[in-house]
Amino acid sequence: MVQASPQQSNWQQGTPPVFNIPAVVLGLVVVLIIIHAVLAYAGQNWQVWALAVFAFIPARLGGGQVIPTIPGSQYWSFLTYAFLHGGWLHLFANCLWLTVFGTVVARFMGAWRFLALSAIAAIGGAAVTELMHIGEFYPMVGASGAISGLMAAAVPIMYGSGRFARHLPAGHPDAGHPLSFRQFLNNRNALIFTAVWLVITLVSASGDPTGGALTGGYTIAWEAHIGGFFAGLAAFYLLRPDRVHQT
């Protein structure tokens, strides 16, 4: 028998098993699958309609190419694009990462904060895409912006201290303590994780080396990934349930 040291990982100190997926995460995955399945069954006309109404397209906001726009879609599409996907492989990859990083964040933050952070990250991803493609017809779909934000929020949780079981309230002496923003900036592991992720994301901007085999022929919206990541990180520090205990 090996005695666990205080320095051992949070996940080795009595937290729930990794496959104990929070209901809010599982529910969101199911919603994404249902939406894609319904559109796949409905056929091309409905798929085109969904893109016209819900996909994020920078040109909707003007400043360049003029396209027919349903009133209001230039605003709600900042969020709704995240519920659409370009294919089953795209959907599967996003659901996988949503489950992995969403589980970490939802356990610590709870359902409503998890959903709010996801929405903020998705909006942040669309905002950066708009800035990079003002006035362009650049349709974007997928939950990657939101998932990048969840990944960013998971970093200070994973590299924090203590236990992150959801049943422990934030003020509980045994509850987990994620890295404060200052600690995040000084934590070598957190910075390496972030740097590696940024390099991978920026390299993807040069094109898919598989010739589209891994993306279904679609390009990778790296702008949404970066915008979502930093929006999610900011949202985590604004929404974290133990803000009063930050140092």
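Residues numbered from 1 in each chain as written. Predicted model: local features only at pLDDT ≥ 70, side-chain atom pairs only at ≥ 80, totals over all residues. Heavy atoms only, no water.

1. Overview of the overall build of the chain
Helix and strand counts for the chain come out as 9 helices and 0 strands. Order of helices (α) and strands (β) in the chain, N terminus to C terminus: α-α-α-α-α-α-α-α-α. The buried share among the 247 residues of the chain stands at 44%. Taking as baseline every contact in the chain between residues at least 6 positions apart, the subset at least 24 positions apart corresponds to 77%. (Helix = DSSP H or I, 4+ residues; strand = E, 2+ residues; numbered from the N terminus. Buried < 20%, exposed > 50% of the residue type's maximum accessible area, 1.4 Å probe, protein only. Contact = heavy atoms within 4.5 Å.)

2. Structural notes on the nonpolar core
With 35 residues, the main nonpolar core has L98, V105, F114, L117, L150, F184 and F236 as its most contacted residues. Elements represented by at least two residues in this core include exactly α1 (23-42), α4 (88-109), α5 (111-132), α6 (144-158), α8 (188-204) and α9 (222-239). The element best represented in this core is α4, accounting for 9 residues. Sequence-distant contacts of L150, that is, excluding residues within four places in its chain, are made with L98, F101, G102, V105, F114, L117 and S118. Ranked by size, the runner-up nonpolar core spans 10 residues in total, among them Y81, A82, A221 and A224. (Core = buried A, V, L, I, M, F, W, Y, C linked by side-chain atoms within 4.5 Å.)

3. Concerning the side chain of R60
The topology assignment puts R60 in the loop between α2 (44-54) and α3 (73-80). A polar contact of 3.1 Å, which involves the side chain of R60, links it to the side chain of S73. (Polar contact = N/O pair within 3.5 Å; in protein donor to acceptor, adjacent residues only side chain to side chain.)

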